[in-house]
Structures are given as C-alpha cells and as structure tokens.
Amino acid sequence: MFWVLLLLLAWTVAGAACTRLCLAAVRAAAVDADAGREHDLTLYEAAFLSGGPRRVADLTLVSMARERRLLLAHTGWATVVDPRGRDEMERSVIGAIGPEGQSRIAPVRAAAAAADAVRGLADRLVGAGLAVPDGARTTVAAGVRQVRGAAVTVLALGTVALLLPASSDVPRTLVALWFALPLALTLSCLAIARIEVHPYSRWASPAGQRLVGALARHADGAGDDRTYLTSVAVRGIRAVGEPDLRAAFAHREPYGRD
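No experiment lies behind these values; they were computed from the predicted model shown.

(A) Fine view of the overall build of the chain. Secondary structure assignment for the chain yields 11 helices and three strands. Walking the chain from its N terminus toward its C terminus, one meets helices and strands in the order α-α-α-β-β-α-β-α-α-α-α-α-α-α. The buried share of the chain, reckoned over its 258 residues, is 43%. Here the analysis covers contacts within the chain between residues at least 6 apart in sequence; of these, 69% occur between residues at least 24 apart. Here the chain has roughly 13900 Å² of accessible surface; of this, 60% comes from carbon and sulfur atoms.

(B) View of the packing of helix α4 (residues 88–97) against helix α5 (residues 105–113). Contact geometry for α4 and α5: axes closest at 8 Å, N-to-C directions at 135°. Between α4 and α5, the crossing angle belongs to the class labelled oblique. Regarding α4 and α5, the two cross each other, and that crossing is right-handed. Contact residues: α4 offers Val93, Ala96 and Ile97, while α5 offers Val108, Ala111 and Ala112.

(C) Region of interest: the pattern of salt bridges. Summed over all chains, the structure comprises eight salt bridges. A salt bridge links glutamate 90 to arginine 69; the nearest nitrogen and oxygen atoms lie 2.6 Å apart. One end of the pair, glutamate 90, is in helix α4; the other, arginine 69, is in the loop between α3 (53–66) and β1 (70–72), and 21 residues separate them in sequence. Judged by relative accessible area, glutamate 90 falls into the buried class, the value being 3%. Salt bridges here are not isolated pairs; linked through shared partners, they connect Glu67, Arg69, Arg86 and Glu90.

(D) Examining the sheet that holds strand β2 (residues 77–80) more closely. Pairing is antiparallel across the open sheet formed by three strands, whose spatial order is β1-β2-β3. Edge strands, defined here as strands with exactly one partner in the open sheet, are β1 and β3 (102–104). Each adjacent strand pair in this sheet contributes to an overall mean axis angle of 20°, direction not counted. As paired strands, β2 and β3 are joined by three bridges and run antiparallel to one another. Following the sheet pairing, threonine 79 is matched in β3 by glutamine 102.

(E) How the structure looks around the packing of aromatic side chains. One pass over the structure, following the stated rule, counts one aromatic pair. Lying over the aromatic face of tyrosine 228, arginine 66 brings its terminal NZ or CZ to 3.7 Å of the ring centre.

(F) The arrangement of helix α10 (residues 225–235) in detail. With eight of its 11 residues buried, α10 lies for the most part within the structure. Turning to α10, its buried residues are Thr227, Tyr228, Leu229, Thr230, Ser231, Val232, Ala233 and Val234. For α10, the elements touching its buried residues are α2 (43–51), α3, α9 (206–216) and α11 (243–249). Phi turns positive one or two residues past the end of α10, at glycine 236, with a value near 90°.

(G) Spotlight on the environment of leucine 9. Within the fold, leucine 9 resides in helix α1 (residues 2–34). In this structure, the C-alpha to C-alpha distance between leucine 9 and leucine 157, residues 148 residues apart in sequence, is 8.3 Å.

(H) Fine view of the pairing of β2. Pairing geometry for β1 and β2, over three bridges, is antiparallel. Residue leucine 72 lies in a different strand from β2, and its bridge partner there is alanine 78.

(I) Molecular detail of the packing of α3 against α10. Running from N to C, α3 and α10 point in directions that differ by 155°, and their axes come no closer than 9 Å. Taken together, α3 and α10 sit at an angle that is classed as roughly antiparallel. In the packing of α3 onto α10, the handedness of the crossing is right-handed. Across the interface between the two elements, Arg55, Leu59, Val62, Ser63 and Arg66 from α3 touch Asp225, Tyr228, Leu229, Val232, Ala233, Val234 and Arg235 from α10.

(J) Molecular detail of unusual backbone geometry. Despite not being glycine, arginine 68 has its phi angle at roughly 60°, a positive value. If you trace the backbone, arginine 68 turns up in the loop between α3 and β1. Its relative accessible area of 59% is what places arginine 68 among the exposed residues.

Here is what the cut-offs are and how they apply
Residues numbered from 1 in each chain as written. Predicted model: local features only at pLDDT ≥ 70, side-chain atom pairs only at ≥ 80, totals over all residues. Heavy atoms only, no water. Helix = DSSP H or I, 4+ residues; strand = E, 2+ residues; numbered from the N terminus. Buried < 20%, exposed > 50% of the residue type's maximum accessible area, 1.4 Å probe, protein only. Contact = heavy atoms within 4.5 Å. Areas by Shrake-Rupley, 256 points an atom, 1.4 Å probe, with all protein chains shown as cover. Axes fitted to C-alpha atoms, helices over the stretch in contact; angles between N-to-C directions. Parallel < 35°, antiparallel > 145°, perpendicular 65-115°, else oblique. Left-handed = near helix turned anticlockwise from the far one by under 90°. Salt bridge = Lys/Arg side-chain N within 4 Å of Asp/Glu carboxyl O. Pairing = 2+ DSSP bridges. Phe/Tyr/Trp six-rings, centres within 6.5 Å; stacked < 30°, edge-to-face > 60°. Lys NZ or Arg CZ within 6 Å of the ring centre and 35° of its normal.

Take a look at the structure:
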C-alpha cells in the first residue's frame, strides 16, 4: 500500500499549490475592486505605470527639452538652461546634472530615476492600488508556477506508483484514477487562472493598466504638447519624433525596453 502514501503526498502538494494561487488571486481582486476610481493620472504617474522610474526620468527630460529649459544634444549631453525646476521631478533632474550645469544623459537618467521624488510617486501609486508593490509583483505569477510544478509532481508520483511492484489487490487502473484526481485539480486551477486572473505588468496593477490604456487611446496624435508628452509617457522614447532628440537618447546606457 505504499502507493497510498504517494497519493497523500500528491494531494498535499496539489492542495497547497492551488490554495496559494487562489488566495493570491483573491487578494489581487480585492485590491483591484476599489482601485483607480475617480483617479485622473498625471503624466508622471502614467510614465511610472508604463515603464517605471526610468520612464519618469525620460519624460521629465523630454518635457524640459521641449520647453527649451534643458538642451539635449545629439551627442548624448544634457545642459541646463533654466535652473529653476517647476516640480520635484525637474529639480531631481537638475540636481542630477550637477552644479556645472552639464552632464551626460545616462547618469542623469539613472540618478533622477532613483530620486526621492520618484520613490514618493511610486508609494502613492501603490497606496492607490494602481502600482504593484515590489514584494507582490510576482505573487500571482509565483502561484501559477507552483501549481504547474505541482502538476508535474503529481504526474511523477503517479508514474512511480504505477511502476511499483503490485502489492495489493487494487487494480493499476484504479490507482491511476486516484492520481488523476489531484492532477485534474491542478490542471483545472491553471485553466481557471488563465481565464480569470488579470495579468500584472512589471509596474501597473490591473486597475493601473486600465487607466493607462484609457490614456493611451488619446495619445495617438501629436497635435499639442500634452498629447505628445502623453505618448512619450505611455510608449517611451520611441514616441519621440524629433531626430536630434532621439539621437540624444541613443547614447544612454541600455537598461531594457522602454
């Protein structure tokens, strides 16, 4: 009857994995239910939800360059024209450039992205349920991976049980049927998760993704500054139309996709 112990182990693994995934999904749904109501995204918020701290730094640089308060040369250098920042983000960029008023863009972006202003923005978005906290970004995804691992484990345990020498009057088909039950549980849980559980991006929660999506639908044109900067916030530097400005950012240190 050693196969019974294997069956109990299979049920334990499957039950624990499915329970963890269900709890993670319920917590995510509870946060998402009330998040984002009556919240109008600022451009900085949209930039963070779309691309994280680096996108916020990019947006600030582009915005200041558009207003000629900052010169971004095609050689990859930033020069301060107006040292008076209009908000915390702009002051972070000016501070990152340094007292000499000129610096390469790559270190400016890195310093501005790590500034207190961006961290405060992130905390506010997390508190509003629009951004995913650092420790919870992979909660649901980790639950799905655990259920997948449980399904493989159940299948392996069932195979071992069927390969054991027969030591009881229980037919092998019945043993296989017993192991099919926890396997069906894990596969059903994965199927439901694929349909019902909202996918999280790296930065935005489902509520945040909905707000960014609504904002993006109004960023298809480039008729005014607001629309232009909205496009940069949502899509990144690839939305910049000016060749010289795009060349300036081409000199930055790569960190991944915008």
